Amino acid sequence: MLKDIVSTGNKDTRSGFGEGILEAARKNSNIIALTADLLGSMKLNAFVKEFPERFIQCGIAEANMIGVAAGLTIGGKIPYTTTFANFSTGRVYDQIRQSVAYSNKNVKICASHAGLTLGEDGATHQILEDIGLMKMLPGMTVIVPADFNQTKAATIAIADHEGPVYLRFGRPVWPIFTNESDFIIGKAQKLSDGKDVTIFACGHLVWKAIEAGKILEEKGISVEVINIHTIKPLDVEAVIASISKTKCAVTCEEHNIIGGLGDSIAQVAAKNCPVPIEYIGTNDTFGESGKPAELLVKYGLDTPNIIAAVEKVIARKG
């Protein structure tokens, strides 16, 4: 039951990355951290203190950082590149496509400050297209963990995954509700069983989906909440199994509804089990400067909007 899922504390997901890369580096001497002048923001201080010889400060030269990382893989190293999500993808898409994805280089592109919850830095930094950009690259694994624990687990897990990875996380303090042991790349995490509707969510919006689900359950609506932390490869079996049962779905993401999680779910549904779907995400728009919570409300990514989408999609299935 969703009512049994509670927060055990609050911490930013980028700190989960910081702890995860340190733990992974202790296990694997090939791990190298690179940053584009954002050591502190990316929570790399502890890594640099313990492994100064395995850290490369690239400065404000993100394209060069991707090129250096690609080169490091040729010698067997496992480079983790770090900067804000906007600079990790939009600014260096050509370098990622040509130097990393095309040749299937073992680069881990680790991106913080994604989505609207970046907050006051505004539209130029709040990239809302990155999931789409990265999932369209052949061979690219795309992971969007839900909280501190899951981000830490994902950061550790990608070290053993052969091939390029895009790991997306965020800036704000957020509820912690998962266990590190629950994370498996490519395996969706079912948080509740339900029969009336499925809510598929990723990243920060998993917690919002849980909040919405609790309220809906009090109204007598049986909700299945599934955390799609791995956007690609998508857990197609889990998606089909759920929508075959509930016959409708709502997708929730801190990303444009064009090209993100919602599109991936809709494609699976269209091919295998067509059902009504409603989308929670930004609607073909840029963000703006503001408090994270207020931006989620303004752009319709908050709990009440998820509840409204669920009620709408249930009515659509008749």
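Details of the structure are given in the entry above.
Below: a short report on this structure. These numbers come from a predicted model, not from an experiment.

What to know about the overall build of the protein
Within the protein one finds twelve helices and 14 strands. Compactness check: the protein gives a C-alpha radius of gyration of 19 Å against a globular reference of 20 Å for 318 residues, within 12% of the reference. Principal-axis analysis of the C-alpha atoms gives the protein an extent of 60 × 35 × 35 Å. In the protein, which comprises 318 residues, the share counted as buried stands at 61%. In the form shown here, the protein has an accessible surface area of approximately 12200 Å², with 52% of it arising from carbon and sulfur atoms. Between the mean site of the 32 positive side-chain charges and the mean site of the 35 negative ones, the protein shows a separation of 2 Å.

Examining the pairing of strand β13 (residues 249-256)
Among the eight residues of β13, eight are classified as buried, and the element is accordingly described as predominantly covered. The pairing of strand β10 (residues 197-201) with β13 spans four bridges and is classified as parallel. Among the inter-strand pairings, Phe200 is bridged to a residue of β13, identified as Thr251. As paired elements, β13 and strand β14 (residues 277-282) share five bridges and run parallel to each other. Among the inter-strand pairings, Val250 is bridged to a residue of β14, identified as Glu278.

Some thoughts on the sheet that holds strand β12 (residues 230-232)
The seven strands lie next to each other as β3-β2-β4-β5-β7-β6-β12, forming an open sheet whose pairing is mixed. Both edges of this open sheet fall to β3 (55-57) and β12, since each of them pairs with a single strand only. Strand-to-strand twist across the sheet, computed as the mean angle between neighbouring axes with direction ignored, equals 20°. Judged from the three bridges that link them, strand β2 (residues 31-35) and β3 form a sheet pairing that is parallel. Pairing of Ala33 across the sheet is with Phe55, part of β3. Seen against the sheet, helix α3 (residues 62-74) touches β2, β3, β4 (78-84) and β5 (108-112) and runs at an angle of roughly 165° to β4.

Quick notes on the rules
Residues numbered from 1 in each chain as written. Predicted model: local features only at pLDDT ≥ 70, side-chain atom pairs only at ≥ 80, totals over all residues. Heavy atoms only, no water. Helix = DSSP H or I, 4+ residues; strand = E, 2+ residues; numbered from the N terminus. Rg over C-alpha atoms; globule rule 2.2 N^0.38 Å. Buried < 20%, exposed > 50% of the residue type's maximum accessible area, 1.4 Å probe, protein only. Areas by Shrake-Rupley, 256 points an atom, 1.4 Å probe, with all protein chains shown as cover. Lys, Arg positive; Asp, Glu negative; His and termini not counted. Charge placed at Lys NZ, Arg CZ, Asp CG, Glu CD. Pairing = 2+ DSSP bridges. Axes fitted to C-alpha atoms, helices over the stretch in contact; angles between N-to-C directions. Contact = heavy atoms within 4.5 Å.

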